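# Coordinate inspection notes
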Number of protein chains: 2
Amino acid sequence: MDAEIIAVGSELLTPHHTDTNSLFLTDKLNQVGIEVRLKTIVGDDRERLASVFRAALGRSKLIILTGGLGPTEDDLNREVVAQVLALPLREVPEIRLRLERVFKRLGRTMSENNLRQAQIPEGAVGLENQNGTAPGIWIEHEGVIVLLLPGPPRELEPMFESACLPRLISLAVGDRIRTRVLKVVGLPESEVDQRIAPIYKPYANPATTILAVSGSIEVHLRAHAASEEAADALLAELADKIELDLGDHVFSAHGETLEEVVGMFLGMKEKTLAVAESCTGGLLAERLTRAPGSSNFFLGGALCYSDALKTRLAGVAPKLLEEHGAVSKPVARAMAEGIRKNTGAAIGVGITGIAGPDGGTPEKPVGLVFVSLADERGTQVREFRFPGDRARVRLWATQAALEIIRRRVRS
Amino acid sequence: MDAEIIAVGSELLTPHHTDTNSLFLTDKLNQVGIEVRLKTIVGDDRERLASVFRAALGRSKLIILTGGLGPTEDDLNREVVAQVLALPLREVPEIRLRLERVFKRLGRTMSENNLRQAQIPEGAVGLENQNGTAPGIWIEHEGVIVLLLPGPPRELEPMFESACLPRLISLAVGDRIRTRVLKVVGLPESEVDQRIAPIYKPYANPATTILAVSGSIEVHLRAHAASEEAADALLAELADKIELDLGDHVFSAHGETLEEVVGMFLGMKEKTLAVAESCTGGLLAERLTRAPGSSNFFLGGALCYSDALKTRLAGVAPKLLEEHGAVSKPVARAMAEGIRKNTGAAIGVGITGIAGPDGGTPEKPVGLVFVSLADERGTQVREFRFPGDRARVRLWATQAALEIIRRRVRS
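Tallying secondary structure elements over chain A gives 14 helices and 17 strands in all. Taking 22 Å as the expected radius of gyration for a compact globule of 411 residues, we find that chain A reaches 28 Å, considerably beyond that expectation. Its C-alpha atoms put chain A at 85 × 55 × 40 Å along the principal axes. Taking all 411 residues of chain A together, the buried fraction comes to 55%.

Here it is as structure tokens:
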């Protein structure tokens with residue numbers, strides 16, 4: 001079954017907004033074997049919406065409209081859909097009662113406008129909204145399913161999962177679609193593609209896409225088959241071959257982030273970690289503590305943006321700073337060793353570099369970063385030269401640090 | 001003049017991708033008075049693309065197609081547009097020469113497929129691509145302008161700005177559109193709306209939209225007028241009234257982020273800052289150091305995730321931790337005062353709280369956060385209870401800290 005999605009709302013046509021509901025819907029639809037073939041974004045405009053909806057009726061068996069179910073004059077979806085399908089709108093007493101109860105609970109009086117939300121096209125089914133007033137609407141009409149869903153994601157998502165997906169699964173006759181994402185670190189996108197193209201090219205199913213996503217390379221595999229098990233088997237066959245080739249550059253085969261993988265290893269090995277960050281300004285610690293449970297392995301550390309704090313908090317000898325400068329191998333080494341000693345962590349990590357755009361010199365250009373790791377086996381320091389702007393240099397520097405930790409604790 | 005945008009590419013119909021070129025195009029088009037009325041996203045599918053393009057021809061005077069200009073069989077835009085407009089494709093010798101030069105420089109041989117990129121519909125104009133091989137195409141046909149632009153943003157953006165915008169400006173007869181964003185902190189969205197609705201409601205032009213964006217409330221104003229100056233005057237009139245009402249809750253009237261405003265104030269007042277972060281794990285420091293030049297005011301600080309590091313790095317007395325627990329007013333106070341003393345900063349800021357999802361108790365629930373600020377005038381501590389998940393609690397905690405710093409250094 002093919003679907004198309006029509007996102008309705010004038011705000012979605014400004015430079016500041018993009019429709020993201022369709023990404024959620026596509027993911028869920030794909031999982032039950034429904035492909036999204038077309039997406040349209042249209043403003044709160046009766047005529048254009050009607051024209052777009054009419055065109056959709058001519059080509060798709062499942063049409064999902066999002067937004068436009070509110071109580072105001074701008075919210076046209078109910079009316080336009082009913083009009084194009086030539087179905088009269090009828091007030092549903094249960095929905096009206098529910099609306100009245102909600103307004104009473106909120107201590108607000110219900111206006112005439114709000115009653116519009118109790119109206120649905122004749123023969124349609126109202127879908128309960130657990131997080132808002134606008135009910136969704138499920139219409140089956142001359143072989144086409146039309147779904148009207150509220151715009152706010154926290155209303156749309158639970159409604160779609162609980163009220164729509166089960167019905168669609170029972171109707172979907174197509175293949176099941178399953179996906180798998182391999183995340184790769186330490187290789188550029190072009191090299192990943194060059195290495196694995198001979199492996200994935202012979203496969204039309206699964207289809208393979210390679211993406212660069214915030215410091216990692218992601219290999220997306222997407223298989224379709226009559227059953228989920230068969231699709232998973234297709235994924236496993238290709239994924240195993242790719243993993244074998246890329247080896248330990250693959251840090252995740254089930255969606256975990258690099259910081260989650262590092263946290264998992266540290267937890268398993270019962271190793272504690274402390275960091276001393278200069279040019280990354282806390283980004284490494286912030287990433288490590290994003291996931292719950294990070295207090296099991298992360299002790300904390302020093303934000304030593306100034307030279308004085310490199311000495312005061314991370315124990316870097318002033319002489320080293322004078323002799324080699326803050327962005328240098330010896331200082332990076334001292335930061336990792338110093339923060340380890342100062343905190344009693346099993347592993348100390350240091351980052352010092354020039355994030356830019358200012359502060360670079362011919363000898364020490366913007367993008368030069370030293371990352372160090374100290375543990376009971378000794379200290380390693382690596383030098384990097386990252387391209388790109390300040391945000392990219394900072395991101396890549398933390399990515400390099402996480403990868404160095406991963407390799408150290410994994411072995 | 002009204003425009004519509006058709007983004008072409010099967011990858012844009014997966015759960016992982018969204019069309020962002022249209023946001024850039026919308027922004028630029030708006031600036032010269034052209035409104036985007038409809039956006040369509042369609043896969044690499046000849047029939048659907050033709051149907052969508054035909055529908056667009058029936059309603060819009062400017063149609064921009066993005067993507068689908070590559071050298072492969074999947075890239076259909078040239079052919080489909082030529083076919084629907086009934087224009088033959090002709091090879092342009094200059095484009096062919098340019099392609100040959102590019103391939104020679106890269107040391108690659110040009111395949112037959114690549115020659116497709118030298119073909120454009122009869123009567124059309126090729127647009128030079130400074131960052132790739134695919135030229136853009138400008139077609140004027142029976143009163144409609146059709147633009148074919150390459151998909152990669154780094155190819156599309158300079159091409160649109162240098163080759164398309166000047167032509168469109170000379171053709172656009174509509175109003176100029178200008179926008180202004182007021183950023184508000186410390187008030188919930190509903191209260192912002194309640195307070196300023198009586199001010200903006202009487203104005204149809206500028207149009208006003210209120211958005212909640214990562215910890216701030218943004219008031220977007222959008223005015224159109226015959227000239228940029230006239231539109232700016234309309235914006236200024238309404239913006240001044242809104243700013244007068246919301247007072248110092250408005251922290252930015254020209255797009256700066258809260259951390260940029262705080263950095264600006266600290267720089268102006270020549271005050272240095274150090275932080276001691278617990279539950280935010282470095283996010284406050286990371287935000288403060290995102291912008292270049294932060295080393296002028298930010299010294300660094302302590303990531304004191306563990307209790308031991310609260311004592312070791314931020315000088316919190318172990319007795320305080322035992323008596324009151326790490327998430328408490330006295331510990332927050334000691335963190336700000338301790339990190340100030342330990343670093344010699346003019347201002348010390350402390351954050352301690354329970355970001356969740358675990359670690360909450362009935363007395364100290366998830367979302368409880370204490371933010372403290374110590375300077376030469378004394379120490380203040382504020383208690384917050386933030387709703388939402390871990391990421392939201394951490395974001396709001398840093399937002400609260402930045403706002404406390406802003407208010408202190410501004411006065």
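Having seen the structure, we can now continue with the description.
Turning our eyes to something else, we now look at the domain arrangement of chain A. Its domain assignment divides chain A into domain 1 (2-171), domain 2 (177-252) and domain 3 (258-410). Each of domain 1 of chain A and domain 3 of chain A has a C-alpha centre, and these two points are 49 Å apart.

Let us now look at the relation of the copies chain B and chain A. Overlaying chain B with chain A gives an RMSD of 0.7 Å, the required rotation being 180 degrees about an axis along which the chain moves by 0.6 Å. One copy is carried onto the other by what is essentially a two-fold rotation axis. Most of the interface of chain B is mirrored in chain A, where 100% of its interface residues are also at the interface.

On the chain A side, the residues contacting the 59 residues of chain B number 59 residues. Carbon and sulfur atoms supply 61% of the area that chain B and chain A bury against each other, a total of about 4,800 Å² over both sides. If you look at where chain B meets chain A, you find four salt bridges. Across the salt bridge formed by A:D2 and B:R48, the nearest N and O atoms sit 3.3 Å from each other. Linking chain B with chain A are 32 residue pairs in polar contact (both at pLDDT 80 or more), by the criterion used here. In terms of residue class, the side of chain B that touches chain A is built from 24 nonpolar, 22 polar and 13 charged. Here five bridges tie strand β14 (residues 298-304) of chain A to strand β14 (residues 298-304) of chain B, and the two strands are oriented antiparallel to one another. Each bridged residue has a counterpart across the sheet, and for A:A302 the counterpart in β14(B) is B:A302.

This paragraph deals with the packing of helix α2 (residues 46-57) of chain B against helix α3 (residues 77-84) of chain B. The axes of two packed helices give the description: the angle between them and the distance between them. Residues and elements named next belong to chain B. Packing of α2 against α3 leaves a shortest axis separation of 10 Å and a crossing angle of 50 degrees. By the angle class used here, α2 and α3 are oblique. Judged by the twist between their axes, the crossing of α2 over α3 is right-handed. Within the contact between the two elements, α2 uses R46, L49, A50, F53, R54 and L57 and α3 uses N77, E79, V80, V81, Q83 and V84. Taken together, the residues of the contact of α2 with α3 break down into seven nonpolar, two polar and three charged.

Turning to the sheet that holds strand β13 (residues 273-277) of chain B, a few remarks are in order. In space, the 10 strands of this open sheet follow the order β17(A)-β16(A)-β15(A)-β13(A)-β14(A)-β14(B)-β13(B)-β15(B)-β16(B)-β17(B), with mixed pairing throughout. In this open sheet, the two strands that pair with only one neighbour each are β17 (378-385) of chain A together with β17 (378-385) of chain B. Strand after strand, the sheet turns through a mean of 15 degrees between neighbouring axes, direction not considered. Judged from the five bridges that link them, β13(B) and strand β15 (residues 347-353) of chain B form a sheet pairing that is parallel. When the sheet's bridge partners are listed, B:L273 is paired in β15(B) with B:I347. Those strands touched by helix α11 (residues 307-314) of chain A are β13 (273-277), β14 and β15 (347-353) of chain A together with β14 of chain B, and its axis lies near 150 degrees from that of β14(A). Across the sheet, helix α11 (residues 307-314) of chain B lies against β14 of chain A together with β13, β14 and β15 of chain B, angled at about 150 degrees from β14(B), the strand it touches most.

The next subject is the packing of aromatic side chains. All names here are of chain B. For the structure on display, the rule yields seven aromatic pairs over all chains. Measuring from centroid to centroid gives 6.3 Å for F24 and F160, while their planes differ by 75 degrees, and the two rings are edge-to-face. Of the two residues, F24 is situated in helix α1 (residues 21-31) and F160 in helix α6 (residues 153-171); the sequence distance between them amounts to 136 residues. Residue F24 shares its accessibility class with F160, and that shared class is buried. Here the aromatic rings of F386 and W396 are separated by 6.5 Å at their centres, their planes lie at 20 degrees, and the arrangement is stacked. Linking F386 in the loop between β17 and α14 (390-410) with W396 in helix α14, this pair joins segments that are 10 residues apart in sequence.

This part takes up α6(B). All names here are of chain B. Remark: the principal bend of α6, roughly 45 degrees, maps to C164, with a proline, P166, within the next four residues. Three or more residues of α6 are buried, namely E155, L156, M159, F160, A163, C164, L165 and L168. In this structure, the buried side of α6 is in contact with α1, β3 (62-66), β6 (125-127), β7 (136-141) and β8 (144-149).

Take the side chain of A:E403 next. Residue and element names in this part refer to chain A. Structurally, E403 is set in helix α14 (residues 390-410). Within the local environment of E403, its side chain forms a polar contact with the side chain of R407, the two groups lying 2.7 Å apart. If sequence neighbours within four positions are ignored, E403 has contacts with V185 and L258.

Okay, the sheet that holds β6(B) next. Spatially, β6(A)-β7(A)-β8(A)-β3(A)-β1(A)-β2(A)-β2(B)-β1(B)-β3(B)-β8(B)-β7(B)-β6(B) is the arrangement adopted by the 12 strands of the open sheet, whose pairing is mixed. The sheet terminates laterally at β6 (125-127) of chain A together with β6 of chain B, the two strands that pair on one side only. Neighbour-to-neighbour, the strand axes of the sheet open up by a mean angle of 15 degrees, direction not taken into account. Note that β3(B) and β8(B) share five bridges and pair parallel. Bridging across to β8(B), B:T66 finds its partner in B:L149. Where helix α3 (residues 77-84) of chain A meets the sheet, it contacts β1 (2-8), β3 (62-66), β7 (136-141) and β8 (144-149) of chain A, and its direction lies at approximately 165 degrees from that of β8(A). Set on the sheet, α3(B) makes contact with β1 (2-8), β3, β7 and β8 of chain B; between it and β8(B) the angle comes to about 165 degrees.

Our focus in this paragraph is the pairing of β7(A). Residues and elements named next belong to chain A. The buried fraction of β7 amounts to five of the six residues, a majority that puts the element mostly inside the structure. Strand direction decides the pairing type here: β6 and β7, joined by three bridges, are antiparallel. When the sheet's bridge partners are listed, V125 is paired in β7 with W138. When β7 meets β8, the two strands line up antiparallel, connected through five bridges. When the bridges of β8 are listed, E140 appears paired with I145.

Rules of the game
- Residues numbered from 1 in each chain as written.
- Chains lettered and ligands numbered in written order.
- Predicted model: local features only at pLDDT ≥ 70, side-chain atom pairs only at ≥ 80, totals over all residues.
- Heavy atoms only, no water.
- Helix = DSSP H or I, 4+ residues; strand = E, 2+ residues; numbered from the N terminus.
- Rg over C-alpha atoms; globule rule 2.2 N^0.38 Å.
- Buried < 20%, exposed > 50% of the residue type's maximum accessible area, 1.4 Å probe, protein only.
- Domains from an automatic or database assignment.
- Least-squares fit on C-alpha atoms with pLDDT ≥ 70 in both.
- Contact = heavy atoms within 4.5 Å.
- Buried area = accessible area lost by both parts, 1.4 Å probe.
- Salt bridge = Lys/Arg side-chain N within 4 Å of Asp/Glu carboxyl O.
- Polar contact = N/O pair within 3.5 Å; in protein donor to acceptor, adjacent residues only side chain to side chain.
- Nonpolar A, V, L, I, M, F, W, Y, C, P; charged D, E, K, R; others polar.
- Pairing = 2+ DSSP bridges.
- Axes fitted to C-alpha atoms, helices over the stretch in contact; angles between N-to-C directions.
- Parallel < 35°, antiparallel > 145°, perpendicular 65-115°, else oblique.
- Left-handed = near helix turned anticlockwise from the far one by under 90°.
- Phe/Tyr/Trp six-rings, centres within 6.5 Å; stacked < 30°, edge-to-face > 60°.
- Bend = angle between axes of the 7 residues up to and from the residue.

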